[in-house]
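# Examination of the molecular architecture
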Amino acid sequence: MRLGHGLDVHDLKGKAMLFGKTILITGVSSGIGARTAELALQLGADVIGVDVRAPAAALSAFIEADLSSPLAITDLVARLPQRFDALCNVAGVSGTLGAAKTLAINFYGLRALSEAVAPRLREGGAVVNVASIAGFGWRANLERTKALVGVQGFPDVDAVVAELGIPKELGYPISKEALLLWTFRAAHQPLFKARTIRVNAVSPGPVETPILREFRSVLGDARVDSDIARVGRAGTAPDIAPAILFLCSDGARWINGANLPVDGGLDASVNAEVLGF
Ligand SMILES: NC(=O)c1ccc[n+]([C@@H]2O[C@H](COP(=O)([O-])OP(=O)(O)OC[C@H]3O[C@@H](n4cnc5c(N)ncnc54)[C@H](O)[C@@H]3O)[C@@H](O)[C@H]2O)c1
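Residues numbered from 1 in each chain as written. Predicted model: local features only at pLDDT ≥ 70, side-chain atom pairs only at ≥ 80, totals over all residues. Heavy atoms only, no water.

An unreviewed UniProt entry lists the chain under the name NAD(P)-dependent dehydrogenase (Short-subunit alcohol dehydrogenase family), from Labrys wisconsinensis.

Take a look at the structure:
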């Protein structure tokens, strides 16, 4: 049977999950974002990629943008189509650039982009935030996390960092703590919820991508190696991408405000140790 787009129904085998969807993916030029884009294309989606540097692979479209800059985000949004189905917020930095820059990219820029494109996401669409198991301390640091998330818009991040006394070495985990708390809140914010746009997070453990080398220099080899030893190996970008795209798909239509660890069981192992069983 012939369908639109010049396809036969048999061509759809294995592609139906995302066929006909348009997905915006940030951080598309490396690691998890690059694999997410590759898989989304294989599953039948159109992919609009965003990154500070150009991707090696061909995409449906690519827009260069620096997500640490409010002006660049305004310019990016002006160049995006009026309608698409999902936003995958994958771009992120390790913390080596300092706490302000890290918070700007990993949280305030991500949130600004998500809020700006929300009216363009189709009803039933999805936002998927790539957080980290490094952000699981959000509850223990609740007052600080609430203060960060409570700042409206895209603030002067240097001033926020100075006011809250955030040290350079904590920029990364704190940015992911804020991202997780905002994910839970945004799922119930009218901007998203009134149009049944789901907002979820995927939290990887250590993954073999270029950023892992930087985590090793920030956290030390011993910490990274012990996390990897708990679950037998580091993750790979192909381990993470399917979880991100599942949350974009209609199969995840009843999943909202969730955080999915994709870590080979690392978080469960740490919890078991803390709880003594
Ligand atoms: N690799 C890991 O161990 C790990 C673990 C937990 C969470 N994560 C998260 O996964 C996400 C993807 O990381 P990855 O492992 O693929 O790393 P990566 O370094 O391979 O990819 C990150 C991408 O983000 C882009 N980027 C950086 N700053 C940007 C900016 N200002 N504007 C636009 N794009 C920018 C980079 O150019 C790069 O293409 C990040 O949010 C990271 O925090 C990674």
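## A look at the site of the ligand
The local shell around the ligand holds 31 residues, among which S30, I32, D51, Y172 and T209 are the closest. A distance of 3.2 Å is found between an oxygen atom of the ligand and a side-chain nitrogen or oxygen belonging to R53. Contact distances for the ligand include 2.9 Å between an oxygen atom and a backbone N or O atom of V90. Protein chains shield 94% of the accessible area of the ligand, which is 820 Å² for the free molecule. Only helix 1 (31-42), helix 6 (171-186) and helix 8 (210-219) provide two or more residues apiece to the shell around the ligand. Residue contributions to the shell around the ligand peak at four residues, all from helix 8. Its residues assigned to classes, the shell around the ligand comprises 18 nonpolar, nine polar and four charged. (Near = heavy atom within 4 Å. Polar contact = N/O pair within 3.5 Å; in protein donor to acceptor, adjacent residues only side chain to side chain. Areas by Shrake-Rupley, 256 points an atom, 1.4 Å probe, with all protein chains shown as cover. Helix = DSSP H or I, 4+ residues; strand = E, 2+ residues; numbered from the N terminus. Nonpolar A, V, L, I, M, F, W, Y, C, P; charged D, E, K, R; others polar.)

## A closer look at the pattern of salt bridges
Oppositely charged side chains are able to pair whenever their charged atoms sit close together. Tallied over the entire structure, the rule returns eleven salt bridges. The closest approach of N and O atoms between R144 and E177, which form a salt bridge, is 3.3 Å. With R144 in helix 4 (residues 142-150) and E177 in helix 6, this residue pair connects regions lying 33 residues apart in the sequence. Judged by its relative accessible area of 25%, R144 is partly exposed. Since its relative accessible area comes to 5%, E177 is described here as buried. One salt bridge connects R233 with D239, and the closest N-O pair in it is separated by 2.8 Å. Note on D239: relative accessible area 30%, which makes it partly exposed. A single network of salt bridges, built from pairs that share partners, joins R216, D221 and D225. (Salt bridge = Lys/Arg side-chain N within 4 Å of Asp/Glu carboxyl O. Buried < 20%, exposed > 50% of the residue type's maximum accessible area, 1.4 Å probe, protein only.)

## Describing the layout of surface pockets
Remark: the empty space left among the atoms is shown by a probe the size of a water molecule rolled over them. In this structure, the second largest pocket occupies an estimated 160 Å³ of space. R233, A234, G235, D263 and G264 are the residues nearest the centre of the second largest pocket, which is lined by 14 residues in total. Of all the secondary structure elements, the ones that give two or more residues to the lining of the second largest pocket are helix 9 (221-231) and helix 10 (237-248). Among the residues forming the lining of the second largest pocket, the class breakdown is eight nonpolar, three polar and three charged. (1 Å grid on protein atoms, 1.4 Å probe; cavity = no way out; pocket = protein on both sides within 12 Å on 5 of 7 lines; lining within 4 Å. Points joined across faces, edges and corners; volume = space filled by probe spheres on them.)

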